[in-house]
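Spelled out, the chains give:
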Amino acid sequence: MCGIIGYIGNKNSIPTLIKGLERLEYRGYDSAGICTIQNQRLKNLKVKGRISGLKKNLEFKNLEGNIGIAQTRWATHGAPSKINAHPHLDCKGEIAIVHNGIIENYQALKDILEKEGHKIVSATDSEIIAHLIEKFYQGDLERAVMRALKLLEGAFGLAIIHAKEPKIVVVRKGSPLIIGKGSNEMFVASDAAALLDQTRKVVYLQDNELATVTANSFSVKNLDGKEIEKEIEEIKWTAGQIEKKGYKHFMLKEIFEQPQALENTLRGRIKEKKIKLSLNLDPNSIKRIVLIACGTSWHACLVGKYIIEKLTKIPVEVDYASEFRYRNPLVASQDLLITISQSGETADTLGALKEAELKRAKTLGIVNVVGSTVSREVDSGIFLHAGPEIGVASTKAFTCQLTALTLLALYFQQEKGISPDKEILEELKNISKKIQLILKEADKIKAVAEGFTENKNFLYLGRGINFPVALEGALKLKEISYIHAEGYPAAEMKHGPIALIDKDMPVVFVATRDQTYNKILSNIEEVKARKGRIITVISKEDSKIEELSDFIIKIPETNELLSPILNVVPLQLLAYYIADLKNIDPDRPRNLAKSVTVE
Ligand code: AGP
């Protein structure tokens with residue numbers, strides 16, 4: 001996600017643009033820029049880093065103008081840098097755009113534009129929009145934008161200005177855009193947080209709508225040019241609420257963002273049953289895969305082992321990055337080392353990556369933060385496009401990591417001449433909707449949480465591909481509620497941990513229907529016999545386990561290899577609600593940092 005804002009009115013736009021960017025910084029913060037119209041010329045100022053850097057820039061002092069657009073960036077294509085920051089200009093320097101979203105067909109359009117002589121200077125997908133509008137511009141900005149839109153594929157929220165036209169043209173197609181109404185001034189922004197200091201009167205654009213905004217008016221059309229009547233509404237939220245979109249904490253917001261985040265991970269990567277990943281590696285040359293990471297990302301590796309081995313028959317090993325890097329690992333050129341890291345900056349993961357590179361293993365990164373060190377070090381990579389994950393406890397990044405691992409395994413199948421698993425390809429289309437169904441039950445999970453705020457210990461048990469989900473559920477609980485929790489393979493209970501079971505021990509079973517269902521049923525009965533308090537995550541209509549459970553959380557059925565993506569969601573919510581009920585801020589748990597950049 002990025003944050004975009006624009007101003008047109010009777011005042012200098014700079015103070016409004018800066019204030020708006022600061023309100024939007026939670027949407028992205030790796031680079032920022034502002035472009036204004038001064039005496040019918042564009043003045044464009046961009047920096048790598050945060051908005052505070054923009055304000056310190058010497059050129060900032062000379063920046064003014066009653067019309068301006070600005071953006072704070074969360075990189076999707078092109079590392080964080082000054083040249084990749086928005087706004088982007090056309091060749092003549094008369095058109096400026098800021099963009100929030102992803103242009104899926106940017107490479108094809110870039111090739112055409114470069115052949116026609118356009119000089120594209122950045123590594124972003126967004127810059128081609130300015131050049132495409134320039135290609136069609138004949139004195140009417142709105143018309144040129146309309147023509148350019150017919151060629152753009154993907155999701156975008158756009159704000160565009162032309163040096164010689166006193167207006168801002170905005171477009172919404174898959175990324176939010178709002179118009180704010182002042183007196184003798186108007187505002188545009190990617191969300192209401194940026195407007196709250198200026199106005200509460202807003203117009204929400206819907207997808208496939210374009211608006212032309214002047215200092216005193218706005219007109220809205222659909223992409224066929226038909227005028228649309230829009231009503232002015234009132235924003236009811238405070239700025240703080242808006243940044244969290246009404247959620248109490250970023251962690252809860254990010255749990256609820258998972259359907260959209262998974263859609264973003266999948267976007268443009270499955271076309272006509274083909275997996276589209278641009279990786280410079282040949283799976284046929286890989287003898288073994290080693291998955292390494294830390295924390296939640298290491299749990300994703302454990303799930304990845306099941307998925308990759310089942311679909312590709314390539315042997316997969318999993319290791320903690322901190323252990324791998326000091327073991328003088330036996331890896332070589334026929335091995336593929338895959339590092340998974342939300343931040344792309346975890347010190348142990350980087351250390352392990354360097355060790356593998358020294359031993360000439362091929363490397364691939366599955367990373368959320370574009371431009372992060374891991375993403376720059378690896379030979380190939382898959383970005384999650386999950387948007388900023390601000391809560392210290394990882395949630396949407398984990399489910400997007402599992403989605404990316406599934407895409408990778410299907411890609412390996414395809415490149416090895418096996419057609420990608422049809423059932424999984426089909427089910428990936430439904431997975432976001434199934435997460436939505438689980439999120440709709442959040443209040444029931446909160447009710448379960450209310451019974452466990454005083455407990456001092458928890459056990460989380462799972463089997464097979466859901467054993468790592470038990471580990472992840474335990475990690476979520478302990479890191480934000482400070483309750484000691486252990487994840488175990490359910491079958492391991494008899495080898496010691498069952499001694500812990502008594503009426504005060506809550507035991508969470510991940511027990512959705514799969515090949516080990518009957519085995520986990522016996523494990524539940526063993527705990528029941530010893531009076532453990534049983535919480536089960538089960539497939540809908542599972543009366544057998546329901547009878548044995550003290551609390552049940554029902555999950556939609558899905559393909560076994562995709563079940564961790566669904567099964568982890570109630571465990572994220574359970575941990576969140578227990579922490580919140582204990583009045584602990586889950587966004588800032590004690591002793592923890594979002595990215596462990598030290599060993
Ligand atoms: C997970 O909730 C924790 N915040 C932590 O375990 C995290 O997953 C780990 O530090 C790895 O971080 P990374 O994915 O950014 O490398």
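Located above this text is the structure these notes cover.
None of the values given here were measured: they were computed from a predicted structure. (Residues numbered from 1 in each chain as written. Predicted model: local features only at pLDDT ≥ 70, side-chain atom pairs only at ≥ 80, totals over all residues. Heavy atoms only, no water.)

Student: Hey, could you run me through the overall build of the protein chain in this one?
Tutor: Scanning the protein chain from N- to C-terminus turns up 20 helices and 27 strands. Computed over C-alpha atoms, the radius of gyration of the protein chain comes to 25 Å, within 12% of the 25 Å expected from 2.2 N^0.38 for 599 residues, which places it in the range of a compact globule. Counting over 599 residues, the protein chain shows a buried share of 61%. Long-range contacts, defined as pairs at least 24 residues apart, comprise 71% of the intrachain contacts of the protein chain with a sequence gap of at least 6. Of the roughly 23600 Å² of accessible surface on the protein chain, 49% is carried by carbon and sulfur atoms. Side chains of the protein chain carry 83 positive and 76 negative charges; the gap between the two charge centres is 2 Å. (Helix = DSSP H or I, 4+ residues; strand = E, 2+ residues; numbered from the N terminus. Rg over C-alpha atoms; globule rule 2.2 N^0.38 Å. Buried < 20%, exposed > 50% of the residue type's maximum accessible area, 1.4 Å probe, protein only. Contact = heavy atoms within 4.5 Å. Areas by Shrake-Rupley, 256 points an atom, 1.4 Å probe, with all protein chains shown as cover. Lys, Arg positive; Asp, Glu negative; His and termini not counted. Charge placed at Lys NZ, Arg CZ, Asp CG, Glu CD.)

Student: Sorry if this is basic, but what is going on with the packing of aromatic side chains here?
Tutor: The description of an aromatic ring pair rests on the distance of the ring centres and on the angle between the ring planes. As enumerated under the stated definition, the model contains nine aromatic pairs in all. Their ring planes at 70° and their centres at 5.1 Å tell us that Phe452 and Phe551 sit as a pair that is edge-to-face. Of this pair, Phe452 sits in the loop between α16 (442–449) and β23 (457–462) while Phe551 sits in strand β27 (residues 551–555), and the two are 99 residues apart along the sequence. Taking the relative accessible area as the measure of exposure, Phe452 reaches 0% and is therefore buried. Put simply, the rings of Phe452, Phe458, Tyr460 and Phe551 pair up and form one aromatic cluster. Sitting over the ring of Tyr517, Arg513 keeps its end group 5.3 Å from the ring centre. Sitting over the ring of Tyr482, Arg590 keeps its end group 3.7 Å from the ring centre. (Phe/Tyr/Trp six-rings, centres within 6.5 Å; stacked < 30°, edge-to-face > 60°. Lys NZ or Arg CZ within 6 Å of the ring centre and 35° of its normal.)

Student: Help me understand α16 in this model?
Tutor: Since the α-helix advances by 3.6 residues per turn, residues separated by three or four positions end up pointing in the same direction. Turning to α16, its buried residues are Ala442, Ile445, Val448 and Ala449. Around the axis of α16, the buried residues are gathered within 115° of arc, so they sit on the same side. In α16, the exposed positions angled more than 90 degrees off the buried face are occupied by Asp443 and Lys444. Residues of α16 that are buried make contact with α7 (250–256), α15 (431–439), β26 (533–539), β27 and α20 (563–581). (Arc of directions from axis to C-beta.)

Student: Got a minute to help me understand the site of the ligand in this structure?
Tutor: Near the ligand you find 15 residues, and of these Ser297, Ser341, Ser343, Thr346 and Glu479 are the closest. Here Thr296 contributes a backbone N or O atom positioned 3.1 Å from an oxygen atom of the ligand. The backbone of Gln342 places a nitrogen or oxygen atom 2.8 Å from an oxygen atom of the ligand. Protein contacts shield 92% of the accessible area of the ligand, which totals 410 Å² for the unbound molecule. Residue assignment for the shell around the ligand shows that the elements contributing at least two residues are α9 (295–312) and α17 (467–481). Its residues assigned to classes, the shell around the ligand shows five nonpolar, eight polar and two charged. (Near = heavy atom within 4 Å. Polar contact = N/O pair within 3.5 Å; in protein donor to acceptor, adjacent residues only side chain to side chain. Nonpolar A, V, L, I, M, F, W, Y, C, P; charged D, E, K, R; others polar.)

Student: Could you clarify how one ought to interpret the pattern of salt bridges in this entry?
Tutor: When the charged atoms of two side chains lie near each other, side chains of opposite charge can form a pair. One pass over the full model with this rule turns up 32 salt bridges. A salt bridge links Glu142 to Lys221; the shortest N-O distance between them is 2.4 Å. Linking Glu142 in helix α5 (residues 141–149) with Lys221 in strand β13 (residues 218–222), this pair joins segments that are 79 residues apart in sequence. Notably, a salt bridge pairs Lys245 with Asp191, separated by 3.7 Å at the nearest N-O pair. (Salt bridge = Lys/Arg side-chain N within 4 Å of Asp/Glu carboxyl O.)

Student: Just checking my understanding: could you explain helix α4 (residues 127–136) for this structure?
Tutor: The element α4 is extensively covered by neighbouring structure, given that nine of its 10 residues are classed as buried. Residues Glu127, Ile128, Ile129, Ala130, His131, Leu132, Ile133, Glu134 and Phe136 constitute the buried set of α4. As for α4, its buried residues are in contact with β5 (88–89), β6 (95–103), α3 (106–115), α5 and β7 (154–162).

Student: Would you mind showing me how to read the environment of Ile480 here?
Tutor: Considering the arrangement of structural elements, one finds Ile480 in helix α17. Taking the C-alpha atoms as reference, Ile480 lies 8.1 Å from Arg590; in sequence the two are 110 residues apart.

Student: What is the right way to read unusual backbone geometry from this model?
Tutor: Glycine aside, a negative phi is what most residues show, and trans is what most peptide bonds show. For the peptide bond that leads from His86 to Pro87, omega is 5°, which places it in the cis range. Of note, the phi angle at Gln40 is positive, near 60°, even though the residue is not glycine. Along the chain, the position of Gln40 falls in the loop between β2 (31–38) and β3 (41–48). For Gln40, a relative accessible area of 48% corresponds to the partly exposed category. Residues other than glycine seldom take positive phi values, yet Lys313 does so here, at roughly 60°. In this fold, Lys313 is placed in the loop between α9 and β19 (316–320).

Student: Just checking my understanding: could you explain the sheet that holds strand β21 (residues 362–367) for this structure?
Tutor: Backbone-to-backbone hydrogen bonds pair the strands of a sheet. The strands run either parallel or antiparallel. Taken in spatial order, the five strands of this open sheet run β19-β18-β20-β21-β22, and their pairing is parallel. Among the strands making up the open sheet, the edge pair consists of β19 and β22 (380–383). Averaged over all neighbouring strand pairs, the angle between strand axes comes to 20°, with direction disregarded. Where strand β18 (residues 288–293) and strand β20 (residues 335–341) come together, five bridges link them in parallel fashion. Paired with Arg288 across the strands is Asp335, a residue of β20. (Pairing = 2+ DSSP bridges. Axes fitted to C-alpha atoms, helices over the stretch in contact; angles between N-to-C directions.)

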